[in-house]
Amino acid sequence: MKCFYHEDREAVATCQHCGKALCRACASLYTPCLCVDCAQLLRDQQAEQARAAEEDRRRKYLDALVDTRAEFLRTCVYGAVTALVLGQTLFQSSAAGPERMLYAVWFFFIPFGWKLITYLQSFLPLTIFGTLWFWIFWALAKGIISIIIGIPAFFYQLVKTFFVQRKIQAASRSCRQDAEGI
(Lines give C-alpha, C1' and ligand atoms only; values in the text may rest on other atoms or scores of the structure.)
Protein backbone atom coordinates (compact mmCIF):
# COMPACT_ATOMS: atom_id res chain seq x y z
CA MET A 1 0.00 0.00 0.00
CA LYS A 2 1.27 3.49 -0.87
CA CYS A 3 1.11 6.74 1.13
CA PHE A 4 -1.96 8.87 0.39
CA TYR A 5 0.19 11.99 -0.01
CA HIS A 6 3.36 10.44 -1.49
CA GLU A 7 2.58 7.76 -4.07
CA ASP A 8 6.27 6.85 -4.41
CA ARG A 9 6.56 5.82 -0.68
CA GLU A 10 5.31 2.75 1.13
CA ALA A 11 2.68 3.25 3.86
CA VAL A 12 3.71 2.28 7.40
CA ALA A 13 0.66 3.55 9.31
CA THR A 14 -2.88 4.78 8.88
CA CYS A 15 -4.59 7.93 10.09
CA GLN A 16 -6.43 7.16 13.32
CA HIS A 17 -9.27 9.45 12.33
CA CYS A 18 -10.01 8.66 8.69
CA GLY A 19 -7.87 5.61 7.90
CA LYS A 20 -5.71 7.10 5.10
CA ALA A 21 -2.43 5.29 4.50
CA LEU A 22 0.65 7.28 5.58
CA CYS A 23 4.39 6.93 4.97
CA ARG A 24 6.95 7.21 7.78
CA ALA A 25 7.41 10.99 7.26
CA CYS A 26 3.66 11.71 7.24
CA ALA A 27 2.99 9.36 10.18
CA SER A 28 5.58 11.11 12.36
CA LEU A 29 4.07 14.60 11.93
CA TYR A 30 1.31 14.27 14.54
CA THR A 31 0.74 12.30 17.69
CA PRO A 32 -1.59 10.43 17.61
CA CYS A 33 -1.00 9.39 14.03
CA LEU A 34 -3.13 11.68 11.87
CA CYS A 35 -3.10 12.83 8.29
CA VAL A 36 -2.66 16.55 7.54
CA ASP A 37 -6.36 17.01 6.71
CA CYS A 38 -7.61 15.35 9.91
CA ALA A 39 -5.07 17.21 12.05
CA GLN A 40 -6.30 20.51 10.63
CA LEU A 41 -9.93 19.45 11.08
CA LEU A 42 -9.33 18.52 14.73
CA ARG A 43 -7.46 21.81 15.37
CA ASP A 44 -10.39 23.73 13.88
CA GLN A 45 -12.87 21.78 16.02
CA GLN A 46 -10.83 22.43 19.17
CA ALA A 47 -10.58 26.13 18.36
CA GLU A 48 -14.34 26.31 17.81
CA GLN A 49 -14.99 24.50 21.09
CA ALA A 50 -12.64 26.92 22.88
CA ARG A 51 -14.44 29.91 21.33
CA ALA A 52 -17.82 28.47 22.34
CA ALA A 53 -16.59 27.78 25.89
CA GLU A 54 -15.24 31.34 26.19
CA GLU A 55 -18.52 32.78 24.90
CA ASP A 56 -20.46 30.61 27.37
CA ARG A 57 -18.19 31.74 30.23
CA ARG A 58 -18.64 35.38 29.23
CA ARG A 59 -22.43 34.98 29.00
CA LYS A 60 -22.60 33.34 32.46
CA TYR A 61 -20.44 36.11 33.91
CA LEU A 62 -22.69 38.80 32.42
CA ASP A 63 -25.80 36.98 33.66
CA ALA A 64 -24.35 36.83 37.17
CA LEU A 65 -23.63 40.56 37.05
CA VAL A 66 -27.16 41.34 35.91
CA ASP A 67 -28.53 39.09 38.65
CA THR A 68 -26.48 41.00 41.25
CA ARG A 69 -27.95 44.29 40.05
CA ALA A 70 -31.48 42.86 40.03
CA GLU A 71 -31.00 41.48 43.54
CA PHE A 72 -30.02 44.94 44.80
CA LEU A 73 -33.11 46.50 43.23
CA ARG A 74 -35.32 43.75 44.65
CA THR A 75 -33.88 44.33 48.13
CA CYS A 76 -34.57 48.07 47.75
CA VAL A 77 -38.21 47.25 47.01
CA TYR A 78 -38.33 44.98 50.07
CA GLY A 79 -36.83 47.84 52.08
CA ALA A 80 -39.48 50.29 50.87
CA VAL A 81 -42.26 47.85 51.73
CA THR A 82 -40.70 47.16 55.14
CA ALA A 83 -40.41 50.90 55.83
CA LEU A 84 -44.05 51.49 54.86
CA VAL A 85 -45.44 48.56 56.81
CA LEU A 86 -43.38 49.05 59.98
CA GLY A 87 -43.73 52.82 59.80
CA GLN A 88 -47.51 52.59 59.57
CA THR A 89 -47.86 49.74 62.06
CA LEU A 90 -45.56 50.90 64.84
CA PHE A 91 -46.04 54.64 64.65
CA GLN A 92 -49.64 55.23 63.65
CA SER A 93 -50.21 58.13 65.98
CA SER A 94 -47.35 58.27 68.46
CA ALA A 95 -44.54 59.80 66.35
CA ALA A 96 -44.48 63.21 64.76
CA GLY A 97 -43.81 63.73 61.06
CA PRO A 98 -39.98 64.11 61.01
CA GLU A 99 -39.44 61.36 63.60
CA ARG A 100 -41.74 59.02 61.70
CA MET A 101 -39.78 59.73 58.52
CA LEU A 102 -36.48 59.00 60.28
CA TYR A 103 -37.77 55.66 61.53
CA ALA A 104 -39.15 54.80 58.10
CA VAL A 105 -35.75 55.50 56.54
CA TRP A 106 -34.09 53.38 59.19
CA PHE A 107 -36.55 50.54 58.56
CA PHE A 108 -35.67 50.70 54.85
CA PHE A 109 -32.25 49.22 55.65
CA ILE A 110 -33.57 46.15 57.52
CA PRO A 111 -33.66 43.81 54.45
CA PHE A 112 -30.02 44.64 53.66
CA GLY A 113 -28.95 43.74 57.20
CA TRP A 114 -31.17 40.64 57.17
CA LYS A 115 -29.54 39.40 53.95
CA LEU A 116 -26.06 39.97 55.38
CA ILE A 117 -26.88 38.12 58.59
CA THR A 118 -28.46 35.29 56.61
CA TYR A 119 -25.27 35.02 54.55
CA LEU A 120 -23.10 35.01 57.68
CA GLN A 121 -25.48 32.54 59.32
CA SER A 122 -24.63 30.02 56.60
CA PHE A 123 -21.21 29.69 58.25
CA LEU A 124 -22.68 28.84 61.68
CA PRO A 125 -24.12 25.47 62.73
CA LEU A 126 -27.42 26.95 63.94
CA THR A 127 -29.49 24.03 62.69
CA ILE A 128 -28.44 21.94 65.69
CA PHE A 129 -30.67 24.11 67.88
CA GLY A 130 -34.20 22.94 67.30
CA THR A 131 -36.35 24.49 69.99
CA LEU A 132 -39.12 26.88 69.10
CA TRP A 133 -37.98 29.41 71.70
CA PHE A 134 -34.49 29.48 70.22
CA TRP A 135 -35.84 30.29 66.77
CA ILE A 136 -38.17 32.99 68.13
CA PHE A 137 -35.26 34.56 70.01
CA TRP A 138 -33.01 34.21 66.94
CA ALA A 139 -35.58 35.92 64.66
CA LEU A 140 -35.94 38.82 67.11
CA ALA A 141 -32.17 39.15 67.56
CA LYS A 142 -31.65 38.94 63.82
CA GLY A 143 -34.24 41.68 63.29
CA ILE A 144 -32.61 44.00 65.81
CA ILE A 145 -29.13 43.34 64.48
CA SER A 146 -30.47 43.89 60.93
CA ILE A 147 -31.51 47.41 61.87
CA ILE A 148 -28.00 48.19 63.11
CA ILE A 149 -25.92 46.65 60.33
CA GLY A 150 -28.43 47.37 57.57
CA ILE A 151 -27.02 50.83 56.82
CA PRO A 152 -23.41 49.72 56.16
CA ALA A 153 -24.71 46.66 54.29
CA PHE A 154 -26.81 48.96 52.08
CA PHE A 155 -23.86 51.19 51.22
CA TYR A 156 -21.68 48.17 50.51
CA GLN A 157 -24.32 46.79 48.15
CA LEU A 158 -24.77 50.20 46.53
CA VAL A 159 -21.05 50.52 45.78
CA LYS A 160 -20.92 46.91 44.61
CA THR A 161 -23.89 47.49 42.30
CA PHE A 162 -22.23 50.62 40.90
CA PHE A 163 -19.10 48.66 39.98
CA VAL A 164 -21.23 45.79 38.64
CA GLN A 165 -23.00 48.27 36.37
CA ARG A 166 -19.64 49.45 35.04
CA LYS A 167 -18.60 45.83 34.40
CA ILE A 168 -21.88 45.18 32.59
CA GLN A 169 -21.29 48.19 30.34
CA ALA A 170 -17.71 47.12 29.64
CA ALA A 171 -18.80 43.56 28.86
CA SER A 172 -21.56 44.84 26.56
CA ARG A 173 -19.07 47.02 24.69
CA SER A 174 -16.73 44.06 24.39
CA CYS A 175 -19.53 41.86 23.02
CA ARG A 176 -20.47 44.54 20.47
CA GLN A 177 -16.85 44.92 19.38
CA ASP A 178 -16.50 41.15 19.03
CA ALA A 179 -19.71 41.01 16.98
CA GLU A 180 -18.53 43.84 14.72
CA GLY A 181 -15.14 42.17 14.27
CA ILE A 182 -16.68 38.91 13.06
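First things first, this report covers the structure right here in the doc. (Residues numbered from 1 in each chain as written. Predicted model: local features only at pLDDT ≥ 70, side-chain atom pairs only at ≥ 80, totals over all residues. Heavy atoms only, no water.)

With that settled, consider the overall build of the protein. Counting its regular elements, the protein contains five helices and two strands. Along the protein, from the amino end to the carboxyl end, the secondary structure elements read β-β-α-α-α-α-α. In terms of C-alpha radius of gyration, the protein reaches 32 Å, well past the compact-globule figure of 16 Å for 182 residues. Expressed along its principal axes, the backbone C-alpha trace of the protein runs to roughly 105 × 45 × 20 Å. Here the analysis covers contacts within the protein between residues at least 6 apart in sequence; of these, 46% occur between residues at least 24 apart. For the protein, the computed accessible surface area is about 12800 Å², with 65% contributed by carbon and sulfur atoms. (Helix = DSSP H or I, 4+ residues; strand = E, 2+ residues; numbered from the N terminus. Rg over C-alpha atoms; globule rule 2.2 N^0.38 Å. Contact = heavy atoms within 4.5 Å. Areas by Shrake-Rupley, 256 points an atom, 1.4 Å probe, with all protein chains shown as cover.)

To continue, consider the nonpolar core. Judged by nonpolar contacts, Phe72, Cys76, Ala83, Ala104, Phe107, Phe108, Phe109, Ile110, Phe112, Ile147, Ala153 and Phe154 together constitute the single largest core of twelve residues. If you list the elements that add at least two residues to this core, you get helix 2 (36-90), helix 3 (97-108), helix 4 (110-121) and helix 5 (132-181). Once you skip the residues sitting within four places of it in the chain, phenylalanine 108 turns out to touch Cys76, Gly79, Ala80, Ala83 and Phe154. If you look at the next biggest cluster of nonpolar residues, it comprises eleven residues, including Cys3, Ala27, Leu34 and Cys35. (Core = buried A, V, L, I, M, F, W, Y, C linked by side-chain atoms within 4.5 Å. Buried < 20%, exposed > 50% of the residue type's maximum accessible area, 1.4 Å probe, protein only.)

Each neighbour pair has its own omega, and for threonine 31 with proline 32 the value is 0°, a cis peptide bond. In this fold, proline 32 is placed in the loop between helix 1 (24-27) and helix 2.

Relative to the helices and strands, threonine 161 resides in helix 5. Taking relative accessible area as the criterion, threonine 161 reaches 10% and is therefore assigned buried. Not counting chain neighbours up to four residues away, the residues in contact with threonine 161 comprise Arg69 and Phe72.

Our next topic: helix 4. Here helix 4 spans 16 Å end to end across twelve residues, near enough to the 16 Å set by a 1.5 Å rise per residue. Among all positions of helix 4, only Ile110, Pro111, Phe112, Gly113, Ile117 and Gln121 are buried. (Expected span 1.5 Å × (residues − 1).)

Counted according to the given criterion, the structure contains zero disulfides. Cysteine cysteine 15 shares no disulfide, and the gap to the nearest cysteine sulfur, in cysteine 38, comes to 3.7 Å. (Disulfide = S-S within 2.5 Å.)

Function cannot be inferred from these measures alone, as they are strictly geometric.
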